[in-house]
Amino acid sequence: MRMLIIPAAVSLAILTSGCGGDNNQDMAQPFDLASPTSVGADMAAAPGADLAAAPVDMATATAPTTAAITVMDNFYTPANVTIAAGGTVTWTFAGANPHTVTSGAGTPTGMFDSGIKSTGTFSFTFPTAGSVGYYCMVHGFAVMHGTVTVQ
Ligand SMILES: [Cu+2]
């Protein structure tokens, strides 16, 4: 039994010293992991720059000067749009049945009225800021209506 233990201890000592040497060399390499300081700098700069820039773009964003609405059978899509003051909204009649685009919320305000149409387009330019409702006189406000928000 001792004859087996001693050689094993010797071989363990050799392996241990060998591993110790390898470990020392490996321990020197982790300095490469310390150099990723530059990577850390990049990661810190990129997100900060992107997040700072995006809100600026949002703040300077302005409403579009045009908007398009499709008049379908018994609904407008999109029903609600936002445009800049002086902008123009164009409704395109694409349903099989006739409809109107009339300012108001059940009672015509007289601001605009497309008349009864089933094809073609109707456009109106909104000169001042505000919220303008419109609806279909054929099917009624409860069935077909939308809002143009002018900024
Ligand atoms: Cu209608």
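For the structure, see preceding data.
Residues numbered from 1 in each chain as written. Predicted model: local features only at pLDDT ≥ 70, side-chain atom pairs only at ≥ 80, totals over all residues.

Draft legend 1. Expanded view of the overall build of the protein chain. The number of helices and strands found in the protein chain is three helices and nine strands. For the protein chain, the α and β elements follow one another from N to C terminus as α-α-α-β-β-β-β-β-β-β-β-β. In the protein chain, buried positions account for 15% of the 151 residues. Nonlocal contacts in the protein chain, meaning residues at least 24 apart in sequence, comprise 47% of its contacts between residues at least 6 apart. (Helix = DSSP H or I, 4+ residues; strand = E, 2+ residues; numbered from the N terminus. Buried ≥ 20, exposed ≤ 12 C-beta atoms within 10 Å, placed from the backbone. Contact = placed C-beta atoms within 7 Å.)

Draft legend 2. Layout of the sheet that holds strand β5 (residues 102-104). The sheet built from five strands is open, its strands ordered β3-β9-β8-β5-β6 with mixed pairing. Either end of the sheet is taken by a strand with one partner, and the two such strands are β3 (80-83) and β6 (108-113). Averaged over all pairs of adjacent strands, the angle between their axes in this sheet comes to 30°, without regard to strand direction. For β3 and strand β9 (residues 145-150), the ladder comprises four bridges, and the chain directions are parallel. Note on β9: the bridge partner recorded for Thr-82 is Thr-149. (Pairing = 2+ DSSP bridges. Axes fitted to C-alpha atoms, helices over the stretch in contact; angles between N-to-C directions.)

Draft legend 3. Spotlight on the nonpolar core. Ile-69, Val-71, Val-89, Trp-91 and Val-148 are the most contacted members of the largest nonpolar core, which has 15 residues in total. Elements that contribute at least two residues to this core include exactly β1 (66-72), β4 (87-93), β8 (130-135) and β9. In contact with Val-89, not counting residues within four places along its chain, are Ala-67, Ile-69, Val-81, Ile-83, Ser-123, Phe-124, Phe-126 and Val-148. (Core = buried A, V, L, I, M, F, W, Y, C linked by C-beta atoms within 7 Å.)

Draft legend 4. Structural view of the sheet that holds β1. Across the sheet, which stays open at both edges, the four strands sit in the order β2-β1-β4-β7 with mixed pairing between neighbours. Strands at the two margins of the open sheet, each flanked by one partner only, are β2 (75-77) and β7 (121-126). Adjacent strand axes in the sheet meet at a mean angle of 25° when their direction is disregarded. Taken together, the three bridges between β1 and β2 define a ladder with antiparallel strand orientation. Among the inter-strand pairings, Val-71 is bridged to a residue of β2, identified as Tyr-76.

Draft legend 5. Representation of the pairing of β8 in the model. Bridging between β5 and β8 involves two bridges; their strand directions are antiparallel. Directly across from Thr-102, in β8, lies its bridge partner Tyr-135. Note: β8 against β9, six bridges, orientation antiparallel. In the strand pairing of β9, Val-132 is matched with Val-148.

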